Structure formats: structure tokens, C-alpha cells
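Residues per chain, in single letters:
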Amino acid sequence: MYRIVIDHSLCSGFGDCADLAPEVFELESEGRAFLRAGESDDPAVLDAAAACPMGAISVVQVEAA
Amino acid sequence: MKDPTFWLLARASGLTAYVLLTLSVLAGLAVKSRPFGRAVKAASATDTHRFLSLLALGAIALHAITLVLDQTVHIGLAALLIPGVASYRPFATGLGVFAAELGALIIVSFPLRKRIGVRAWRRLHFTTYAVFATATAHGLAAGTDTHRLWAFGLYLGAVFAVAAATAWRALNRPIPTKGVTRVPDRDRPLPV
């Protein structure tokens, strides 16, 4: 299980996260990314974090509850 | 006869730095405009851009060091840091010093982007165009090989490529994300 945090002070709305893990990330009309879910099992969140040009996404692995 | 090794290295590393700077700018523009669509992974464009920027900085460092070690033109340590101090083509070499220092500042600003603020960081990042323009002017004015067709063609090609990539970036909206519904802004709690 991964816990995801977006640093909104860094997000510039590139949208790669929503492209790579649409179940977890979405873009608002202003172009900022928001989380649909704060936790996910989908390893695509790791790709999304790596793809963020601003380094605004943090992912930590946590024990499933 | 003086050993031309450092002189040749200085010229080669200067041209290499310019090519790397050009490629870095092109990769940076490709991060958002995605000219290769989904063929290039989003993370790859960002990584390539950062890697090329660091390589360019390394080539500039080599360019500077070899110019100090070389005996053909006399460039001291002060001339490397202060634009216009060099006795050899002071204005043209000063342009190079300015471009290198501004370029280094832009690279250093990335890890500090949160402290600086993203808006200010983006403004600073846009000055990369000044770095590119100044580096081009420096190469054309100070470069020993400028009069050669291949070198002039290189500068011309670089300027054309950056202009074309900038136009592409400005005119084409980023490719839409798949499977994503853009929702209207609304108040929602920040994720914990």
C-alpha cells in the first residue's frame, strides 16, 4: 500500500501524474493536481512521482490496515 | 611552439557545452509539449533535461579550466568570474561568463524552488532564454571556428531548433491526459 502526498506549493499542473495514475490523481480546471485517493495499491503512483517535473509528489509505502 | 592541447580542448569543450545547452533547452521544452507523444515517457524527458543541464555545466567548467591552463590566450581566474575582465576579446568573453553564471544559478535554483517559491522559480527558469542567447552571441563573437561553415551552421541550427521548439510549445496545447475528467475547482480538504 502506498500513501501519496502532493506538495501543492510545488505543483505546476504538468498533468503527468493524472496521465500515469488516473485512479489516484486528477487535474482541476486551473491545472493543479489533486488526489482522488490518499492511498493506493497501484505501483503506477511510483511512476507518477518519478514523472513529476517539479518533484511535487511524495509516495511512502505503508502497511495495509 | 606552444603546446596547443589546452587551446584545442578549450575550443572543443566550448562547442560541446553549447550543443549540450541547446539539447537541454530542447529537452526542457519537450517536458510539457511532448513532441513525441506517448513514445517518450514523461519521466524520461524530465530526467534527460536535468542530465543534459548538468553535462552542459560540466563542459562549461572544462571550457573555463582549459582556458586558464592554455597559453594561447591569457585568461586568469578573475576573468572567469567577472565578465569583461579578460584581456582577450573582453566583451565577447564577458558574455560567456555571464551566460555560465546565470546558467549555474538556474541549475542551483531547482533544489531551492520551494524556498524561492514556484512563481519566482519559473520566472528565473525563463531566463534560460537569456543564457542561450548570450551563449550564442559569445560563441559567434569569441569562437575561433565561427568563420568555418560547419561552426556557423551549428549556431544557426541551434537557434532555429530552439526557436522552432519554443513556437511548438507556445502553439500546441499539451496532449490531454487520458481517462481524466477535469473537475471544476471546489473546496476540498488537503490530503493528510
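Counting starts from 1 at the beginning of each chain's written sequence and moves along it residue by residue. Written order determines the labels here, with chains lettered from A and ligands numbered from 1. In view of the model being predicted, local features appear only for residues whose pLDDT reaches at least 70, and side-chain atom pairs are presented and counted only at 80 or more, with totals across whole chains, interfaces and linings using the full set of residues. Water and hydrogen atoms were dropped before computing side-chain values, which therefore reflect all heavy atoms in the structure.

Novice: Any details on the overall build of chain B? Residues and values, ideally.
Specialist: Assigned secondary structure in chain B consists of eight helices and zero strands. N-terminal to C-terminal, the α/β element order of chain B is α-α-α-α-α-α-α-α. Burial classification: accessible surface area is computed with a 1.4 Å probe over protein chains only, and a residue below 20% of its type maximum counts as buried, one above 50% as exposed, and the rest as partly exposed. Looking at chain B residue by residue over its 192 residues, the buried ones come to 37%. Accessible area of chain B: about 11400 Å², with a carbon and sulfur share of 72%. Secondary structure counts use DSSP, requiring at least four H or I residues in a row for a helix and at least two E residues in a row for a strand, with both numbered from the N terminus. Reported accessibility uses the Shrake-Rupley method at a 1.4 Å probe radius. Residues are deemed covered only where the shown protein chains occlude them.

Novice: Report on the packing of aromatic side chains, specifying residues and quantitative values.
Specialist: All names here are of chain B. Between rings of Phe, Tyr and Trp, where Trp is taken as its six-membered ring, a pair exists when centres lie within 6.5 Å; planes separated by under 30 degrees are stacked, by over 60 edge-to-face, and by other angles tilted. Considering all chains together, one arrives at three aromatic pairs over all chains under this definition. Geometrically, the ring pair formed by Tyr 18 and Phe 132 is stacked, given 5.8 Å between the ring centres and 15 degrees between the ring planes. Here Tyr 18, found in helix H1 (residues 5-33), pairs with Phe 132, found in helix H7 (residues 128-142); they are 114 residues apart in sequence, far enough to count as distant. Phe 132 carries the same exposure label as Tyr 18, and that label is buried. An aromatic cluster of three or more residues is present, and its members are Tyr 18, Phe 132 and Tyr 155.

Novice: Can you tell me about the environment of Leu20(B), naming the residues and giving the values?
Specialist: Relative to the helices and strands, Leu20(B) resides in helix H1. Separated by 47 residues in sequence, Leu20(B) and Leu67(B) place their C-alpha atoms 19 Å apart.

Novice: Tell me what's going on with helix H2 (residues 44-51) of chain A, and back it up with residues and numbers.
Specialist: Within H2(A), burial applies to Ala44(A), Val45(A), Ala48(A), Ala49(A) and Ala51(A). Along the axis of H2(A), the buried residues cluster in a sector spanning 165 degrees; they form a single face. Contacts are assigned to residue pairs that have any heavy atoms within 4.5 Å of one another. In this structure, the buried residues of H2(A) make contact with strand S1 (2-6), helix H1 (16-20), strand S2 (25-27), strand S4 (39-40) and strand S5 (57-61) of chain A together with helix H2 (42-69) of chain B. Taking the helix axis as origin, the arc is that swept by the directions to the C-beta atoms.

Novice: Would you mind going over the side chain of His49(B) in detail, with residue names and values included?
Specialist: Residue and element names in this part refer to chain B. As for its position among the elements, His 49 is in helix H2. Classification of His 49 by relative accessible area gives buried; the value is 18%. Excluding its chain neighbours within four sequence positions, the residues that come into contact with His 49 are Ser 24, Ala 27, Gly 28, Val 31 and His 125.

Novice: Which residues make up the environment of Gln61(A), and what are the values?
Specialist: All names here are of chain A. Here Gln 61 lies in strand S5. Between the C-alpha atoms of Gln 61 and Ser 29, which are 32 residues apart in sequence, the distance is 30 Å. Those residues in contact with Gln 61, other than ones at most four positions away along the chain, are Met 1 and Tyr 2.

Novice: Outline H1(B), listing residues and values.
Specialist: Given a helix with a known number of residues, its expected span is that number minus one, times 1.5 Å. With 29 residues, H1(B) ought to run about 42 Å at 1.5 Å a step, and its terminal C-alpha atoms sit 42 Å apart, in line with that. Within two residues after H1(B), Arg34(B) carries a phi angle of roughly 50 degrees, on the positive side.

Novice: Go over the packing of helix H4 (residues 90-109) of chain B against H7(B), please, and point to the residues and values.
Specialist: Residues and elements named next belong to chain B. Lines fitted to C-alpha atoms define the axes, with helix axes restricted to the stretch in contact, and inter-axis angles between N-to-C directions lie between 0 and 180 degrees. The geometry of H4 relative to H7 is characterised by a closest axis approach of 8 Å and an angle of 150 degrees between their N-to-C directions. The pairing of H4 with H7 is recorded here as roughly antiparallel in orientation. For the pair H4 and H7, the crossing hand works out as left-handed. Counted together, Ala 92, Thr 93, Leu 95, Gly 96, Phe 98, Ala 99, Leu 102, Gly 103 and Ile 106 of H4 and Thr 128, Ala 130, Val 131, Thr 134, Ala 135, Ala 137, His 138, Ala 141 and Ala 142 of H7 form the full contact between these two elements. For the contact of H4 with H7, the per-class residue count stands at twelve nonpolar, six polar and no charged. We call two directions roughly parallel when the angle between them is under 35 degrees, roughly antiparallel when it is over 145, roughly perpendicular when it lies between 65 and 115, and oblique otherwise. What makes a crossing left-handed is the near helix being turned counterclockwise from the far one by less than a right angle; a clockwise turn instead makes it right-handed. All residues other than Ala, Val, Leu, Ile, Met, Phe, Trp, Tyr, Cys, Pro, Asp, Glu, Lys and Arg, Gly among them, are scored as polar; the first ten of these are nonpolar and the last four charged.

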